[in-house]
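# Topology and contacts: notes
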Amino acid sequence: MDTSLPVVVLISGDGSNLQALLDAPAHGHDYRVVAVISNRADAHGLERAMQRGIPTQVLNHADFACRDDYDNALMTLIDGFSPRLVVLAGFMRILTPGFTRHYAGHMLNIHPSLLPRFQGLQTHRRALEAGETEHGASVHFVAEELDGGPVIAQARVPILADDDEERLAARVLTREHQLYPTVVEWFAQGRLRLNGDRVELDGKALAKPVAI
Ligand code: NHR
Ligand code: GAR
């Protein structure tokens, strides 16, 4: 019997984090990606999924009159795959409160900054402009507040003197590919849960994000 945790992954673009989730040893063992959904038809991540024989769907936000209509359709589509975890992997649409409530404690996001620093977009550019000496990525439970849900784990990288946005983004992304599969594996193994607004790992509330 297949006891691995069914996961639906939402993407908008390249899907390199999706690839990392598919290539991790825990895939097909602790968890399995049962569907990949993109809001953009040209997302390269759709091809990565097809390559592995994983069902794909495109739900274009531009076809809907408002965010509530889009999110309701997205919820119906996701729930048709009966996942126990929803993973945002470079998904670029802000989600409505009703959507985040529906998956509370069962939806993760990876964000390219050391949250709570640099919520929102263009994080690498903003970290450089702020003169930071370190940067990174965070995995958090998704809550209504954008990039404001409880942080589970972070990967840190140095910012080097001659960095530009592209070099810094690449350094962070490499670490994202270790970070995200690790956290999804914890969740799949039943080690990780959200209790109210606190993250518990192995039954103990985290005082601060785990460093990966
Ligand atoms: N939704 C909620 N309610 N809470 C979060 O924490 C969310 C979320 C939806 C997406 C990912 C996030 C990120 O990691 C995420 C976290 C998109 C935007 C955005 O401004 C911001 C943050 C994130 C994703 N999107 C624009 C919008 O109008 C569109 C931008 C575009 O299409 O390029 O939705 O950074
Ligand atoms: C990743 O760096 C991810 O953290 C970031 O986009 C990239 C997606 O790469 N996510 C966001 O900015 C969400 N707003 P991928 O498509 O290759 O996984």
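Details of the structure are given in the entry above.
What surrounds ligand 2 is the set Asp14, Gly15, Ser16, Asn17, Gly90, Phe91, Met92, Ile110, Pro112, Leu121, Leu173 and Glu176. The separation between an oxygen atom of ligand 2 and a polar main-chain atom of Gly15 is 2.8 Å. Within the complex, the protein chains bury 82% of what would otherwise be the 450 Å² of accessible surface of ligand 2. Elements with a minimum of two residues in the shell around ligand 2: α1 (16-23) and α6 (165-188). Looking at the shell around ligand 2, its residues break down into 6 nonpolar, 4 polar and 2 charged.

Let's shift gears to the sheet that holds strand β6 (residues 134-141). Sheet strands pair by backbone hydrogen bonding; their relative direction is either parallel or antiparallel. With mixed pairing, 8 strands are arranged side by side in an open sheet as β3-β2-β1-β4-β5-β6-β7-β11. Each edge of the open sheet carries a strand with a single partner, namely β3 (56-58) and β11 (210-211). Judged from the 4 bridges that link them, strand β5 (residues 107-111) and β6 form a sheet pairing that is antiparallel. For Asn109, the partnering residue across the bridge sits in β6 and is His140. Where α6 meets the sheet, it contacts β1 (5-11), β2 (31-38), β4 (85-88), β5, β6, β7 (151-158) and β11, and its direction lies at approximately 155° from that of β7.

Let us look at the side chain of Glu200. Among the secondary structure elements, Glu200 is positioned in strand β9 (residues 198-201). Given a relative accessible area of 13%, Glu200 falls into the buried group. Within the local environment of Glu200, its side chain forms a polar contact with the side chain of Asn195, the two groups lying 2.8 Å apart.

Moving on to the site of ligand 1. Around ligand 1 sit 19 residues, and of these Arg67, Leu95, Asn109, Ala143 and Asp147 come closest. Separating an oxygen atom of ligand 1 from a backbone N or O atom of Asp147 is a distance of 2.8 Å. Its free accessible area being 720 Å², ligand 1 has 82% of it covered by the protein chains. In terms of residue count, β5 provides more of the shell around ligand 1 than any other element does, 3 residues in total. Partitioned by chemical class, the residues of the shell around ligand 1 number 9 nonpolar, 5 polar and 5 charged.

As a further point, take the sheet that holds β9. Spatially, the 3 strands line up as an open sheet ordered β8-β9-β10, and their pairing is antiparallel. Looking along the sheet, the strands with just one partner apiece sit at the ends: β8 (192-195) and β10 (204-205). Note: β9 against β10, 2 bridges, orientation antiparallel. Within β10, the residue paired with Glu200 across the bridge is Ala205.

Moving on, we come to the pattern of salt bridges. For the structure shown, the criterion picks out 12 salt bridges. Across the salt bridge formed by Asp14 and Arg48, the nearest N and O atoms sit 3.0 Å from each other. Residue Asp14 is found in the loop between β1 and α1, and its partner Arg48 is found in helix α2 (residues 45-51); the two are separated by 34 residues along the sequence. Judged by relative accessible area, which is 17%, Arg48 ranks as buried. Put simply, Asp162, Asp163, Arg167 and Arg171 are held in one network by salt bridges that share partners.

Calculation notes
Residues numbered from 1 in each chain as written. Chains lettered and ligands numbered in written order. Predicted model: local features only at pLDDT ≥ 70, side-chain atom pairs only at ≥ 80, totals over all residues. Heavy atoms only, no water. Near = heavy atom within 4 Å. Polar contact = N/O pair within 3.5 Å; in protein donor to acceptor, adjacent residues only side chain to side chain. Areas by Shrake-Rupley, 256 points an atom, 1.4 Å probe, with all protein chains shown as cover. Helix = DSSP H or I, 4+ residues; strand = E, 2+ residues; numbered from the N terminus. Nonpolar A, V, L, I, M, F, W, Y, C, P; charged D, E, K, R; others polar. Pairing = 2+ DSSP bridges. Contact = heavy atoms within 4.5 Å. Axes fitted to C-alpha atoms, helices over the stretch in contact; angles between N-to-C directions. Buried < 20%, exposed > 50% of the residue type's maximum accessible area, 1.4 Å probe, protein only. Salt bridge = Lys/Arg side-chain N within 4 Å of Asp/Glu carboxyl O.

Function cannot be inferred from these measures alone, as they are strictly geometric.
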